[in-house]
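Chain residues, written in single-letter form:
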Amino acid sequence: MNPPPDGIKRVYQEILADIDNYTAQIIHTFRAEVPQYQFPYEIHHRDNVVSLSMQLRALAAGEDPSAEALEHARQMARVRFEHNVPLNHAIAGYHISFRELWAEVVRRTGPDPVMQSQLPLEVGRVWGWLHLISSAYAEEYVAATRTRAITGADSLRQLLSASTAGGTSAHLDDVAVDLGYDLARPFRAFVTTLRPPDGVARLNTDLAALDSVVYSATVDQFTAVVAQGLSAQDGVELLRRSGMRGPIAVGLARSGAGGIRESFVDGMRLLDLPRSGADVREFEREWPLTVLYADRSRMRELLAPGIAAAGDRHIADAVVAFATNGYSISAAARTLHIHPNTARYRITRWRELTGWDVFTVHGLLSSLAALQDTDIPQPDLA
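Now for a description of the structure that goes with this document. Treat the numbers as computed from the prediction; the structure is a model and nothing was measured. (Residues numbered from 1 in each chain as written. Predicted model: local features only at pLDDT ≥ 70, side-chain atom pairs only at ≥ 80, totals over all residues. Heavy atoms only, no water.)

### Focus: the sheet that holds strand β4 (residues 248–250)
Move 1: Read across the sheet, five strands follow the order β2-β3-β1-β4-β5 without closing on themselves; strand pairing throughout is mixed. Among the strands making up the open sheet, the edge pair consists of β2 (214–219) and β5 (280–282). Strand-to-strand twist of the sheet, defined as the mean angle between neighbouring strand axes without regard to direction, takes the value 20°.
Move 2: Relative to β4, strand β1 (residues 188–192) runs antiparallel, the two being bridged by three bridges. Within β4, the position partnered with Phe 190 by the bridge is Val 250.
Move 3: In this fold helix α12 (residues 283–294) packs onto β4 and β5, with an angle of close to 80° to the strand it touches most, β5. (Pairing = 2+ DSSP bridges. Helix = DSSP H or I, 4+ residues; strand = E, 2+ residues; numbered from the N terminus. Axes fitted to C-alpha atoms, helices over the stretch in contact; angles between N-to-C directions. Contact = heavy atoms within 4.5 Å.)

### Let's talk about the packing of aromatic side chains
Move 1: Applying the stated criterion across every chain yields a total of twelve aromatic pairs.
Move 2: Pairing Phe 30 with Tyr 37 gives two aromatic rings, centres 4.8 Å apart and planes at 75°, and the pair type is edge-to-face.
Move 3: With centroids separated by 6.1 Å and ring planes inclined at 90°, the aromatic side chains of Phe 222 and Phe 264 adopt a geometry described as edge-to-face. With Phe 222 in strand β3 (residues 222–227) and Phe 264 in helix α11 (residues 257–272), the pair connects residues that are 42 residues apart, well separated along the chain. Both residues of the pair, Phe 222 and Phe 264, count as buried. (Phe/Tyr/Trp six-rings, centres within 6.5 Å; stacked < 30°, edge-to-face > 60°. Buried < 20%, exposed > 50% of the residue type's maximum accessible area, 1.4 Å probe, protein only.)

### Side note on helix α14 (residues 313–324)
Move 1: Across its twelve residues, α14 extends 16 Å between first and last C-alpha, which sits within 8% of the 16 Å expected from 1.5 Å per residue.
Move 2: Of all the residues in α14, the buried ones are Ile 315, Ala 316, Ala 318, Val 319, Val 320, Ala 321, Phe 322 and Ala 323.
Move 3: Those residues of α14 that are buried are in contact with α15 (329–336), α16 (340–354) and α17 (361–371).
Move 4: With a side-chain oxygen positioned 3.2 Å from the backbone nitrogen of His 314, the residue opening α14 is Asp 312.
Move 5: Note on α14: the residue one or two positions beyond its end, Gly 326, has a positive phi of about 65°. (Expected span 1.5 Å × (residues − 1). Polar contact = N/O pair within 3.5 Å; in protein donor to acceptor, adjacent residues only side chain to side chain.)

### Some details on the environment of Ser 66
Move 1: Within the secondary structure, Ser 66 sits in the loop between α3 (41–61) and α4 (67–82).
Move 2: With relative accessibility at 36%, the residue Ser 66 sits in the partly exposed group.
Move 3: Sequence separation between Ser 66 and Val 105 is 39 residues, and the spatial gap between their C-alpha atoms is 22 Å.

### Some points on the side chain of His 45
Move 1: Along the polypeptide, His 45 turns up in helix α3.
Move 2: Side-chain polar atoms of His 45 contact the backbone oxygen of Asp 20, separated by 3.4 Å.
Move 3: Ignoring sequence-local partners within four residues, the contact set of His 45 consists of Asp 20, Thr 23, Ala 24 and Ile 27.

### What about the pattern of salt bridges?
Move 1: One pass over the full model with this rule turns up 17 salt bridges.
Move 2: Between Arg 78 and Glu 140 there is a salt bridge, and its shortest N-O distance comes to 3.0 Å. Of the two residues, Arg 78 is situated in helix α4 and Glu 140 in helix α6 (residues 113–160); the sequence distance between them amounts to 62 residues.
Move 3: Salt-bridge contacts for Arg 125 lead to Glu 122; the nearest nitrogen and oxygen are separated by 2.7 Å. Taken together, the residues Arg 125 and Glu 122, both in helix α6 and three residues apart, mark about one turn of the helix. The pair formed by Arg 125 and Glu 122 is uniform in burial state, with each residue classed as buried.
Move 4: Because the salt bridges share partners, they merge into one network encompassing Glu 14, Glu 104, Arg 107 and Arg 108. (Salt bridge = Lys/Arg side-chain N within 4 Å of Asp/Glu carboxyl O.)

### A short note on α17
Move 1: For α17, the tally of buried residues reaches eight of eleven residues, placing the bulk of the element in the interior.
Move 2: What α17 keeps buried is the set Gly 363, Leu 364, Ser 366, Ser 367, Leu 368, Ala 369, Ala 370 and Leu 371.
Move 3: Where the residues of α17 are buried, they touch α12, α13 (304–309), α14 and α16.

### Quick notes on the packing of helix α2 (residues 19–33) against helix α5 (residues 87–109)
Move 1: Across the interface, α2 lies against α5 with an axial gap of 10 Å and an inter-helix angle of 130°. By the angle between their directions, the pair α2 and α5 is classed as oblique. Seen along the crossing, α2 lies across α5 with a hand that is right-handed. Contact residues: Tyr 22, Ile 26, Thr 29, Phe 30 and Glu 33 in α2; His 89, Ala 92, Gly 93, Ile 96, Ser 97, Arg 99, Glu 100, Leu 101 and Glu 104 in α5.
Move 2: Its residues assigned to classes, the contact of α2 with α5 comprises six nonpolar, four polar and four charged. (Parallel < 35°, antiparallel > 145°, perpendicular 65-115°, else oblique. Left-handed = near helix turned anticlockwise from the far one by under 90°. Nonpolar A, V, L, I, M, F, W, Y, C, P; charged D, E, K, R; others polar.)

Now the structure itself:
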């Protein structure tokens, strides 16, 4: 691009002469507007002095960003990525820098009508320069994200498969720490099986924008996200935004590096349950069903009466409705749109056919275990 008019060039040189103070002002403004930005101030100030100095010299000379300036932006991206600074914070910094720089140019231009008439062209030059620099930063950040996603997924896969990989406890701790996890905080796994072709790539992009340390990996047919400090609701929403379809299983929040595997197993067991129509299944709520279902082959003969009785769908539905609605016959009847006496008859008939009284712990657990082997919708045990 061509050099700017002499008056505009002089403005750039004046700002450059006071670059330390000017940079401090921009950083102060940025940190006030983005208070969650966590990065060492000394590095922040030093990098921005270099970047803004290169920008002002280039603008004064009418030059595009040099290879050195572009490489400096990439280096800034790598450093901030290693400090887990989200990309959106950096992009906000570039926008604020542009805004503040332009405000300073306008202020120093003053009321001179000739210089004011030159500003519309100059704003495009300033923005174009920042656009090229911020694009280099973003490209490098995304490249680092992809690399971390690949290496992070490999490490997480090792943790998720720990029980069969033969890794020692100390080794697993080291792997988790290298990923940035805090062993003093519990881990939670979110697990799904159905996903669009680009789902994992989109998921990794979304994970990179989070303030939390979160990784994803695929193990056989499962996709798992392991997080700390992410609520069950937020984790499910994250997966849905990334295009993940089908039921999502939420493992129990568990401690230690070994807890990563255990929470993942929670999710796998939940997804192994017969479909209940539930969009989200949480181990904390449905663990009794997973325990019953895991031993179903050993209990098949024991549960045979219930499996046979479940052939009468009306009776089986009544048992499920009873378990789902606070163990209340009247509430179960309302759910099934039948008279309470009809619901009571069907539950009584279940006891006659199976010998299990659903008003007792043994009878209810036996009934639910038997219904695991049918296509009857499963109860929500919350």
